[in-house]
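# Per-entry structural report
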Amino acid sequence: MNNREIVHSIKDYVRNYQEINKTESNWREPIIGFAKASDPLFLKLKEIVSPTHATPSELLDDAKSVIVYFIPFETGIILSNIDEEESSREWDIAYIETNNLISGLTQDMHDKILQAGYRATNIPPTYNYDQEKLISDWSHRSVAYISGIGTFGMNNMLITESGCCGRLGSIVTSLELEPSERKEVENCLYKFNKSCMKCADRCVNNAFIKTNENYTFDRHNCNEQIYDKIIPVYPNGLGDTCGKCMCKVPCSFTNPTKNLIEK
């Protein structure tokens, strides 16, 4: 297997998923990135994220590459989550169905890699984090940055060429693949030229704390909105997400600094 075959397989899986599984949600074309398992940034995550954050070789002793994929929500799902304080029904269902899609996709890629004679991990798309510190021991967003898929916004979401509204999955494998280019330019307008903090304006639970001219993101306030305020409204199990800071912002659908750089 090579990069091209993997990209084709992932895109094909996502393209056909709604019809095969009769989901309410649909998705735009996925973005796929690759990284060398030996990239020094993986070790750096132990300093940046947590000392317990795994390196690829700690998940797979003969790791050679990491495959990462971003599955962007379709337009209607994002637009549905603009109004009201609670997340929309469409957004909640998309969150659940996209996690299911990523679980199935990861299993599919895992099996294909094994059939090709290599090893691979099978990492769940979510809930693999410390519930007190709210920090993951394998951050799909962080490894997505390393693979060149995007850069972090002030809302702690990864901003890709298709925006930040979607979900991420990743696989560590013993298959050696060509790494993607990692651009050094920020996709977040605030980090790029300090021209935007719309995500803070959109937040409904004070997760953005401003000190002088600097902002910090409070993950506990963000988590409180989901588990203390939204979930009690949805006893049927929906509402395990919020996403307000990702909708009706310049990075919802695209990389907003791209045009500025091209000019």
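Residues numbered from 1 in each chain as written. Predicted model: local features only at pLDDT ≥ 70, side-chain atom pairs only at ≥ 80, totals over all residues. Heavy atoms only, no water.

## Regarding the packing of aromatic side chains
A ring pair, where both rings are aromatic, is described by two values, the distance of the centres and the angle of the planes. This structure, assessed with the given rule, holds five aromatic pairs. Between Y13 and Y17 the ring centres are 5.8 Å apart and the planes differ by 35°, which places this aromatic pair in the tilted class. Taken together, the residues span about one helical turn, with Y13 and Y17 both in helix α1 (residues 3-21) at a distance of four residues. Centroid distance Y145 to F152: 6.5 Å. Interplanar angle 40°. Geometry classified as tilted. Through pairs of rings, three or more aromatic residues link up here, namely Y13, Y17 and W27. (Phe/Tyr/Trp six-rings, centres within 6.5 Å; stacked < 30°, edge-to-face > 60°. Helix = DSSP H or I, 4+ residues; strand = E, 2+ residues; numbered from the N terminus.)

## A closer look at unusual backbone geometry
Within the chain, K194 stands out as a residue other than glycine whose phi angle is a positive 60°. Following the sequence through the fold, K194 ends up in the loop between α7 (189-193) and α8 (198-202). When its relative accessible area of 58% is taken as the criterion, K194 is described as exposed. With a phi angle near 60°, K248 is a residue other than glycine that sits in the positive phi range. (Buried < 20%, exposed > 50% of the residue type's maximum accessible area, 1.4 Å probe, protein only.)

Keep in mind these values describe shape, not function.
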